[in-house]
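# Tertiary structure, described
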Amino acid sequence: MNPLSTTDYLAVLPETLVVLTAVLVIVLDSAKRGRWATWVLPAWSCLGLTASAVAAIAVWGKGGTVFSGTVFADGFSSLFKVLFAVIGILTVMFSPYYLRFKSMRLGEYYALLLTAVFGMIVMVSAANLLVFFLGLETMSISLYVLAALQRADVKSAEAGMKYLILGSFSSAFFLYGVALMYATVGSVDYEAIGAFLAAGYQPNLMLVAGVALLLVGFAFKVAAVPFHFWSPDVYDGSPATVTAFMTTGPKAAAFVALIRVFGVALQPASSLWTDALTWLAILTMTVGNVVALRQSSVKRMLAYSSIAHAGYLLVGIVAGRTAFAAIGYYLIAYALMNLGAFAVIILINRKENAGYGFDEFRGIGLEHPLLGVTMVVFLLSLTGVPPTAGFFGKLYVFSAAIGSGHVGLAIVALLNSAVGAYYYLRIITLMYMNKPDGDVSFTEPASYRYALVISCVLVLLIGIFPEQLLRLVTLSAP
Amino acid sequence: MIISLLIAIPFLTSLVILAVPRTNAAAIRWIALFGSIAAFAASLVMYAQFTPGEAGYQMVERTPWVASLGIDWHVGVDGISLFLVMLTTLLTMLCVISSWSSIKDRIKEYHFLFLLMEAALIGVFCAMDLFVFYVMWEVQLVPMFLLIGIWGGERRIYATIKFFLFTMAGSVLMLAGILYIYFNTTDPATGHHTFNLLLATEQAKFPMEVQTWLFLAFALAFAIKVPLFPLHTWLPDAHTEAPTAGSVMLAGVLLKLGTYGFLRFCLPMFPGAATKFVPLISVLAVIGILYGALMAMIQKDIKRLVAYSSVAHLGFVMLGTFALNMEGLSGSLLQQVNHGISTGALFLLVGVIYDRRHTRLQADYGGIAKVMPVYAVLFLIVALSSIGLPGLNGFVGEFLILLGAFAAHPMYAVFATAGIIFAAVYLLWMYQRVFFGQVTHEINLGLKDVTLREGLVIGTLVALTILIGVYPDPLLSRMQPSLNLLLSHFQGAGITQTLLP
């Protein structure tokens, strides 16, 4: 084993900064229990995340691996480190108002958010199944707690419990898969697995079972049908800011790992898993969309829609290497538009004991122009209407699928996005074509307005001028 | 520059409108009017610059947009799109004027959406890049969706969602087709795949089976938009619920996107498959003609009657297109413009009495020719042009279409001719019930005749009806070279059905 050098430490500077910020949040929180939670801690968290993003840009894609080949220091990991910082910052910007509203002045909220971001960063830079597992668990445990944070709310407690139990199951599946891979290959490094498989292999039971278990583990984590059962309840029950975070960051982290493990390391054995993944994709898109049609709560609808989006992304994994950049682009676009949509939902849910029913949206667009316009952009982007980021993401993923010969799969995906149009449009019609249901006057907190405008402008900007981001993702994709 | 300018003017105007405070309604109206007049003026410049004898695209512009994917901002205009662009700018301008008094709330959003839609519509007609085409195609959908949904009638939400979903469902498969073509088109200059329409048309030499699938993927999107029977069910709902100006644009321009799509994509790219589908589409077109006319006959609501008459008229257009000869094609293209003018005028006319009485039922009127003589005359001319009276524009188009259809497949033409008779029946019956006889309702005695503004708007369209009816040559002479080029794809594919040289 080589002694560690400065390069090793520099490469993990972004992670380190996030962890340090988290630790300081805990320290500061215990110093002035609760009182600082309204603004000092969020401000500090944003600062830490910004520093982490800056560090990630500074050490952008130094190339290769560090820590004896267990951690990637490539452009792809840098790109997602920045994305996770952005997701973290936006989530933090939405949080203080919501936490105050729900009487949750909890400093540990921010610490947990930061550790989850740390876990996600480890997941995307892992070059080894066990390092990935460490990241996965760090992230998951933080999320289990975050999901259950609204202790007084039965649904939140249930969400945390369900998430914990099913999440542990999936971790166990995954770990079993890792063990079997180790037994077959003799290593858990992605590179070693890839080299072993590329050298020619006999599909013995141990290998097949290992691949299958890894696939199941991943399918759980990205909430692919039929391993999605935990997600609607967890998404629905968790505090809304946490749901916004969960449907974007962790999903992106899992997909990047999916690319690295299945798309690259297990690529030589693709005949073992392509069919299974194709069916997963088809089921995930279709079930997600069809069930989303029948939801009575917007939050739950977005939960199912996020399942559908995972399906579109799986299409990209099936399409193979040419789609990796597309998946990267899609994940970034999805993070921005979904966070934006959730931000609006959080604001709409302003009344005591109010749910997330569709009726809450009546007439909102006319009374709150900023909210209305940004929401229309987010929803059109989720639908995949040009010239938004969401359209380009879909176009890019589906065209990669057609280019790699999976025309049928692409058509299923396209038809599915037409189904999705219905439930997204429903919100637009409610916002603009119905009279408000009672009093809809409320003021949007300033941090919200900034966050909404930032994500809206970005969604339009990378939709109209996708070239720069596209090039960046293409260059950094594995 | 002129084409980009033509798209930029309404787009920038819509942005300016966004910046004006919502309380300042007058400023918003004036800006919208100014913007739409400027766009119309630009389209006149385009017309002046257009060289009649040329078949290919003119005033072409091309700048890289997403270079890594072979997407260019690539626009131009040829004989097929020239008059459709002019129709768009003309109708938008007239609609802005006619909305002056009929739109009273949310004026800012209304005009913003209207001009945004104009920009996108011009974009669809001028796109020479498949990607640009698709983007514009989808973008024009959103403003219309909101226009119907916000300013529409009572069942507007049902109608607008139906409209959006029908169109969206059609266009996703077209996207799959576009992507497939993309992967089979290579730019010789760069060696990469490209969305360039010219190269795509040139290189589209697909085997018959692939052609069939691609044709169907495109044709579904276009047939829904046309709308071809039995995909027409969204249309009466959308038309009935839309505000007057929305109906005008919907019938005048949006339906043409479908027929234009057939001319621009389905025929030149997949000539083999197009020929194969001639019987199916012609039969559906004839059914549309007869069914639309019969449905129009039994409508109590005048606007619904006009909506169903559109189904019939568009059936003629499709029949002419799929005659696949010069007469049919030029008739169908001319008829697209004619339909935009006549039906646009009809919707505006219906809007006039609706603004006054807030009802569109034939039974609520009767004998109003006595109280509104100018209105009655305008209505009569437009109705007669819609029926296809010689000397008015509808006749020229329908005559050419039937001529082409006879040359290609006499049977279809025989049935289609019956449609003309039906059109006379439902329009004249309606006219008689609404205008002739004694005034049946007291309240109608107080109806005000058309105002100067209404007269100006409708009068412009009536003048065009007569002008084209008497002297269609400026249109036909500009259309035909491009249509000839289109037909050459069929001659290349071994299909010749041309009656005249």
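Residues numbered from 1 in each chain as written. Chains lettered and ligands numbered in written order. Predicted model: local features only at pLDDT ≥ 70, side-chain atom pairs only at ≥ 80, totals over all residues. Heavy atoms only, no water.

## Here we look at the packing of aromatic side chains
Residue and element names in this part refer to chain B. Put simply, the rule is: Centre distance within 6.5 Å is the pairing criterion for rings of Phe, Tyr and Trp, where only the six-membered ring of Trp is used; planes under 30 degrees apart are then read as stacked, over 60 as edge-to-face, and the remainder as tilted. A run of DSSP states H or I qualifies as a helix once it reaches four residues; a run of E qualifies as a strand once it reaches two. Both are numbered from the N-terminal end.
Following the criterion strictly, the structure yields 59 aromatic pairs over all chains and no others. The interplanar angle of 70° and the centroid separation of 6.5 Å between the aromatic rings of F133 and F222 together place this pair among those described as edge-to-face. Placement of F133 in helix α5 (residues 130-139) and of F222 in helix α9 (residues 208-225) is noted, with a sequence separation of 89 residues between them. Each ring, one from F395 and one from F399, has its centre 5.6 Å from the other, and the planes form 25°; the classification is stacked.

## Some remarks on the nonpolar core
What counts is decided by this rule: Buried Ala, Val, Leu, Ile, Met, Phe, Trp, Tyr and Cys residues form a nonpolar core when they are joined through side-chain atoms within 4.5 Å. For the exposure calls, accessible area comes from a 1.4 Å probe over protein chains only, and a residue counts as buried if that area is under 20% of its type's maximum, exposed if over 50%, partly exposed in between. Throughout, a residue-residue contact means that at least one pair of heavy atoms, one from each residue, lies within 4.5 Å.
Counting 396 residues, the largest nonpolar core has F215 and F262 of chain B as the members making the most contacts within it. Here this core gets 22 residues from one element, more than from any other, and that element is helix α14 (residues 324-348) of chain A. In this view, F262 of chain B contacts F215, A219, F222, A223, V226, L267, P268, I281, M318 and F322 of chain B; residues no more than four positions away in its chain are not counted.

## Comments concerning the layout of surface pockets
What counts, and what does not: Whether a set of points on the 1 Å grid over the protein atoms alone is a cavity depends on a 1.4 Å probe fitting there but being unable to get out, while an open set qualifies as a pocket with protein on both sides within 12 Å along at least five of seven lines; lining residues are those with an atom within 4 Å of a point. Grid points are joined across faces, edges and corners, and a volume is the space filled by probe spheres set on the points. Amino acids are sorted into nonpolar (Ala, Val, Leu, Ile, Met, Phe, Trp, Tyr, Cys and Pro), charged (Asp, Glu, Lys and Arg) and polar (every other residue, Gly among them).
The calculated volume of the largest pocket comes to roughly 1,600 Å³. If you go around the largest pocket, you meet 44 residues; those closest to its centre are L460 of chain A together with F11, L15, F112 and L116 of chain B. Of all elements in the fold, only α16 (369-383) and α19 (446-464) of chain A together with α1 (2-19), α4 (107-126), α5 and α6 (141-151) of chain B reach the threshold of two or more residues within the lining of the largest pocket. By residue class, the composition of the lining of the largest pocket is 37 nonpolar, four polar and three charged. The computed volume of the second largest pocket comes to approximately 750 Å³. As for the second largest pocket, its lining consists of 31 residues, and the residues nearest its centre are S102, W151, Y354, D355 and H358 of chain B. The set of elements that each furnish at least two residues to the lining of the second largest pocket consists of α3 (79-102), α6, α10 (234-241), α11 (244-269), α15 (326-357) and α19 (452-470) of chain B. At three residues, α15 of chain B tops the list of elements feeding residues into the lining of the second largest pocket.

## Describing the environment of G170 of chain B
With respect to the secondary-structure elements, G170 of chain B resides in helix α7 (residues 156-182). Every residue in contact with G170 of chain B, bar those within four places of it in the chain, is listed here: A217, L220, A221 and I224 of chain B.

## A short note on the side chain of H232 of chain B
Its location among the elements puts H232 of chain B in the loop between α9 and α10. Judged by its relative accessible area of 3%, H232 of chain B falls in the buried class.

## Details of the packing of α15 of chain B against helix α17 (residues 393-408) of chain B
All names here are of chain B. Note the cut-off: The axes are straight lines fitted to the C-alpha atoms, using for helices just the contacting stretch, and the angles between their N-to-C directions are given from 0 to 180°. Angles below 35 degrees are treated as roughly parallel, those above 145 as roughly antiparallel, those between 65 and 115 as roughly perpendicular, and all remaining angles as oblique. The hand of a helix crossing depends on one turn: near helix anticlockwise from the far one by less than a right angle means left-handed, and clockwise means right-handed.
Where α15 contacts α17, the two axes come as close as 7 Å, and the packing angle between them is 150°. The orientation of α15 with respect to α17, classified from their angle, is roughly antiparallel. Remark: the crossing between α15 and α17 carries left-handed chirality. For the pair formed by α15 and α17, the contact residues are E327, G328, S330, G331, S332, L334, Q335, N338, I341 and S342 on the first element and N393, G394, V396, G397, E398, L400, I401, L403 and G404 on the second. Partitioning the contact of α15 with α17 into residue classes produces six nonpolar, 11 polar and two charged.

## Section: the pairing of strand β1 (residues 58-66) of chain B
Residues and elements named next belong to chain B. We count it as follows: In this description, strands pair whenever DSSP reports at least two bridges between them.
Sheet analysis places β1 next to strand β2 (residues 71-77), joined by six bridges and oriented antiparallel. Residue pairing for β2: V66 is matched across the bridge by I71. Following β1, the chain reverses through four residues before pairing antiparallel with β2; G70 in that reversal takes a positive phi of roughly 70°.

## Description of empty space enclosed by the protein
Evaluation of the coordinates by the stated rule reveals 10 cavities of 30 Å³ or more. Of the pockets and cavities examined, the largest cavity occupies roughly 150 Å³. Forming the boundary of the largest cavity are 13 residues, of which S98, L348, V352, D355 and E454 of chain B lie nearest the centre. Considered class by class, the residues forming the lining of the largest cavity number five nonpolar, five polar and three charged. By volume, the second largest cavity is sized at about 90 Å³. Along its surface, the second largest cavity is lined by M139, Y163, K221, W230, Y235, M246, P250, K251 and A254 of chain A. Those elements that provide at least two residues to the lining of the second largest cavity are α10 (230-237) and α11 (240-265) of chain A. For the lining of the second largest cavity, the element with the highest residue contribution is α11 of chain A, accounting for four residues.

## A word on the interface of chain B and chain A
How big an interface is tends to be stated in terms of accessible area lost as the parts join. We apply this condition: Once two parts are joined, some of their accessible surface, as seen by a 1.4 Å probe, is lost; buried area is that loss totalled over both. A pairing counts as a salt bridge when a side-chain nitrogen of Lys or Arg comes within 4 Å of a carboxyl oxygen of Asp or Glu.
If you look at the interface, chain B gives 33 residues, while chain A gives 35 residues. A buried area of about 2,900 Å², summed over both sides, lies between chain B and chain A, and 84% of it is on carbon and sulfur atoms. Across the chain B-chain A interface, the total number found is zero salt bridges. If you list the elements that add at least two residues to the side of chain B that touches chain A, you get β1, α5, α6 and α7 of chain B. At 14 residues, α7 of chain B tops the list of elements feeding residues into the side of chain B that touches chain A. When grouped by side-chain class, the residues that make up the side of chain B that touches chain A number 26 nonpolar, three polar and four charged.

## Details of α11 of chain B
Owing to its 3.6 residues per turn, the α-helix brings residues three or four apart onto one side. Rules: To estimate how far a helix should reach, multiply one less than its number of residues by 1.5 Å. Note on bend: the value at a residue is the angle between axes fitted to the seven residues ending there and to the seven starting there.
Compared with the 38 Å implied by 1.5 Å per residue over 26 residues, the 37 Å span of α11 of chain B between its first and last C-alpha is a close match. The sharpest bend along α11 of chain B reaches about 40° and sits at L250 of chain B.

## With respect to helix α4 (residues 75-101) of chain A
Residues and elements named next belong to chain A. An ideal rise of 1.5 Å per residue puts 39 Å on 27 residues; α4 measures up with 40 Å between its terminal C-alpha atoms. The largest bend along α4 measures about 40° and falls at S95, with the proline P96 one to four residues further on. By the criterion of burial, α4 is predominantly enclosed, with 24 of the 27 residues buried. A positive phi of about 50° marks S103, the residue just after α4.

## Here's the deal with the confidence of the model for chain B
Residue and element names in this part refer to chain B. So the rule is basically this: A score from 0 to 100, pLDDT tells how confident the predictor is in each residue.
Averaged over all residues, the pLDDT of chain B equals 88, while 98% of them reach at least 70. Contacts of residues 494-501 to residues separated by more than four positions or lying in other chains number 14 contacts, the stretch itself having pLDDT below 50. With pTM at 0.91, the complex prediction returns an ipTM value of 0.88.

## Description of the packing of helix α13 (residues 278-297) of chain B against helix α14 (residues 302-321) of chain B
Helix-helix packing is described using two parameters, namely the angle between the two axes and the distance between the axes. Residues and elements named next belong to chain B. Where α13 contacts α14, the two axes come as close as 7 Å, and the packing angle between them is 160°. Comparing their axes, α14 and α13 come out roughly antiparallel. Every pair of crossing elements has a handedness; the one defined by α13 and α14 is left-handed. Here I281, S282, A285, V286, G288, I289, Y291, G292, A293, M295 and A296 of α13 lie close against α14, whose contacting residues are L305, Y308, S309, V311, A312, G315, F316, M318 and L319. Considered class by class, the residues forming the contact of α13 with α14 number 15 nonpolar, five polar and no charged.

## Observations regarding the side chain of N289 of chain A
Formally: Between N or O atoms, a polar contact is any pair within 3.5 Å; within protein, one atom must be a potential hydrogen donor and the other a potential acceptor, and residues adjacent in sequence are included only when both atoms are from side chains.
Position of N289 of chain A among the secondary structure elements: in helix α12 (residues 270-293). Polar side-chain contacts of N289 of chain A include one of 3.0 Å to the side chain of N416 of chain A.

## Here's the deal with the pattern of salt bridges
Residues and elements named next belong to chain A. The tally for this structure, following the rule as stated, stands at 16 salt bridges over all chains. Residue R471 is joined to E467 by a salt bridge in which the shortest nitrogen-to-oxygen separation is 3.6 Å. Of the two residues, R471 and E467 both sit in helix α20 (residues 467-476), four residues apart, roughly one turn of that helix. According to the relative accessible area criterion, R471 is partly exposed, its value standing at 43%. Classification of E467 by relative accessible area gives buried; the value is 9%. Via salt bridges that share partners, K155, E158, K162, D233, D236 and R300 belong to a single interconnected network.

## Some remarks on the state of the cysteines
Applied cut-off: Note that a disulfide, as used here, is simply two cysteine sulfur atoms within 2.5 Å.
What the rule picks out here adds up to zero disulfides over all chains. With no disulfide of its own, C46 of chain A has C456 of chain A as its nearest cysteine by sulfur position, at a separation of 20 Å. With no disulfide of its own, C266 of chain B lies closest to C126 of chain B among cysteine sulfurs, the gap being 19 Å. Among the residues examined, C266 of chain B registers a relative accessible area of 0% and is labelled buried.

## Side note on unusual backbone geometry
With omega at 5°, the peptide bond leading from V225 of chain A into P226 of chain A counts as cis. Phi is positive for M59 of chain B, which is not a glycine, with a value near 55°. Note on placement: M59 of chain B falls in strand β1. Overall, the relative accessible area of 18% leaves M59 of chain B in the buried class.

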